[in-house]
Amino acid sequence: MTNSDEAFKAAQAFQAAVAELADVLPNGFRENGSGGALLATTGSMIPALNGITSAAPSPDKAEIAQLCDMAEAHVQGLPWSIRLRGEPEDGIVAVAAEHGLTTRTQQPFMLLKLDADRAWQESAQASASVRPLGDDEDELFAEVLGAAFGAPPVIIASLYTPLVLSQPFVRAYVAELDGVPAAAGLAILTEEHVGLANIGTVSDYRHLGLGRAVTEAILRDGYAAGARTAYLHSSEEALSLFEHAGFRTAEFWTFFTA
């Protein structure tokens, strides 16, 4: 893990975005630990959106343990997680295991500086267009992402509700090819940062540049809104997409789930 100021600020922006999302949702909950780590639940069936996040380079074991005890009362059967920067100490690994979070994976945390000299790319498909979604298009967003990730749309719709999509810090996008919704993605704006999430393309439309088109639209609009750094957690499968867009892996985060 790098302890660069840039990575730390992006990590803080990510943690702040999770907190804002939890604040918006009717069943959301959040609590900060004594050292600044965050416990946030959204009510989603997605483990990454319930649990503990810390932007600290070296999270405190006692703080993580305290938040884990608190989490048990709030997750109420929902899948949850712990997400930390770098390689956590053995004591934190043991705390996670005590709470049933024994699956451990690493996720690249990628950054991209945004400036006026960046060459914004358009879709390689002349018949493709990307547009932001209105807050009344939550079902469309859920359908496209559900098809892209092989998930029931109801899971996505339960989180990205009209209320969430209407928030000024949230922007959902869809890419349409010949008028058919084929890819989607989400932007979270936090002061000078824009976070990218859920960039996905329906299987029949992959390798046509639609994921890249959604990514570029988010970056372009994020820069126009004042963001100067973009960040995301990438899967291994999506690394090449984001690397071609200019992102570079700044560090790896450890992700604990059941």
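Structure: see above.
Residues numbered from 1 in each chain as written. Predicted model: local features only at pLDDT ≥ 70, side-chain atom pairs only at ≥ 80, totals over all residues. Heavy atoms only, no water.

Trainee: Help me understand the environment of Ala-225, please; the structure alone is not making it clear to me.
Mentor: When you line up the elements, Ala-225 lands in the loop between helix H7 (210-224) and strand E10 (229-233). Considering only alpha carbons, one finds Ala-225 and Ala-245, 20 residues apart in sequence, at a separation of 19 Å. The residues touching Ala-225, leaving out its near neighbours within four places in the chain, are Arg-171 and Leu-189. (Helix = DSSP H or I, 4+ residues; strand = E, 2+ residues; numbered from the N terminus. Contact = heavy atoms within 4.5 Å.)

Trainee: Sorry if this is basic, but what is going on with the sheet that holds strand E1 (residues 29-32) here?
Mentor: The strands making up a sheet are joined through hydrogen bonds of the backbone, oriented either antiparallel or parallel. What the 11 strands build is an open sheet, ordered E1-E2-E3-E4-E11-E5-E10-E9-E8-E7-E6; its pairing is mixed. The sheet terminates laterally at E1 and strand E6 (128-132), the two strands that pair on one side only. On average, adjacent strands in this sheet sit at an angle of 20° to one another, irrespective of strand direction. For strand E7 (residues 170-177) and strand E8 (residues 180-190), the ladder comprises eight bridges, and the chain directions are antiparallel. By the bridge assignment for E8, Val-170 is matched with Ile-188. With respect to the sheet, helix H2 (residues 61-75) is in contact with E1, strand E2 (38-41), strand E3 (50-54) and strand E4 (81-85), its orientation differing from that of E2 by roughly 15°. (Pairing = 2+ DSSP bridges. Axes fitted to C-alpha atoms, helices over the stretch in contact; angles between N-to-C directions.)

Trainee: It is not clear to me how the pairing of E10 should be interpreted in this structure. Could you clarify?
Mentor: In summary, the side chains of a regular strand alternate between the two faces of the sheet. Counting buried positions along E10 yields five of five residues, so the element is predominantly enclosed. When strand E5 (residues 103-113) meets E10, the two strands line up antiparallel, connected through five bridges. Note that in E10 the partner of Met-110 across the bridge is Leu-232. Relative to E10, strand E9 (residues 193-201) runs parallel, the two sharing three bridges. Across the sheet, Val-194 pairs through a bridge with Ala-230, a residue of E10. Crossover connection from E9 via H7 to parallel E10: handedness right-handed. (Buried < 20%, exposed > 50% of the residue type's maximum accessible area, 1.4 Å probe, protein only. Right-handed = clockwise from strand over helix to strand, strands pointing away.)

Trainee: Which parts of the structure should I look at to understand the packing of H2 against helix H3 (residues 90-98)?
Mentor: Angle between the axes and distance between the axes: these two values describe a pair of packed helices. Where H2 meets H3, the axes come as close as 9 Å, and the angle between the chain directions of the two elements is 10°. In terms of orientation, H2 lies roughly parallel with respect to H3. Residues Lys-61, Ile-64, Ala-65 and Cys-68 of H2 lie in contact with H3, whose contacting residues are Gly-91, Ile-92 and Val-95. Of the residues belonging to the contact of H2 with H3, the class tally is five nonpolar, one polar and one charged. (Parallel < 35°, antiparallel > 145°, perpendicular 65-115°, else oblique. Nonpolar A, V, L, I, M, F, W, Y, C, P; charged D, E, K, R; others polar.)

Trainee: I keep staring at the packing of aromatic side chains and nothing clicks. Help me out?
Mentor: For any pair of aromatic rings, the description consists of the separation of the ring centres together with the inter-plane angle of the planes. In the structure shown here, the tally under the stated rule is six aromatic pairs. Aromatic side chains Phe-109 and Tyr-231 sit 5.9 Å apart centroid to centroid with 40° between the ring planes, which places their arrangement in the tilted category. Residue Phe-109 is found in strand E5, and its partner Tyr-231 is found in strand E10; the two are separated by 122 residues along the sequence. Note on Phe-109: relative accessible area 0%, which makes it buried. Tyr-231 sits in the buried class, given a relative accessible area of 3%. (Phe/Tyr/Trp six-rings, centres within 6.5 Å; stacked < 30°, edge-to-face > 60°.)

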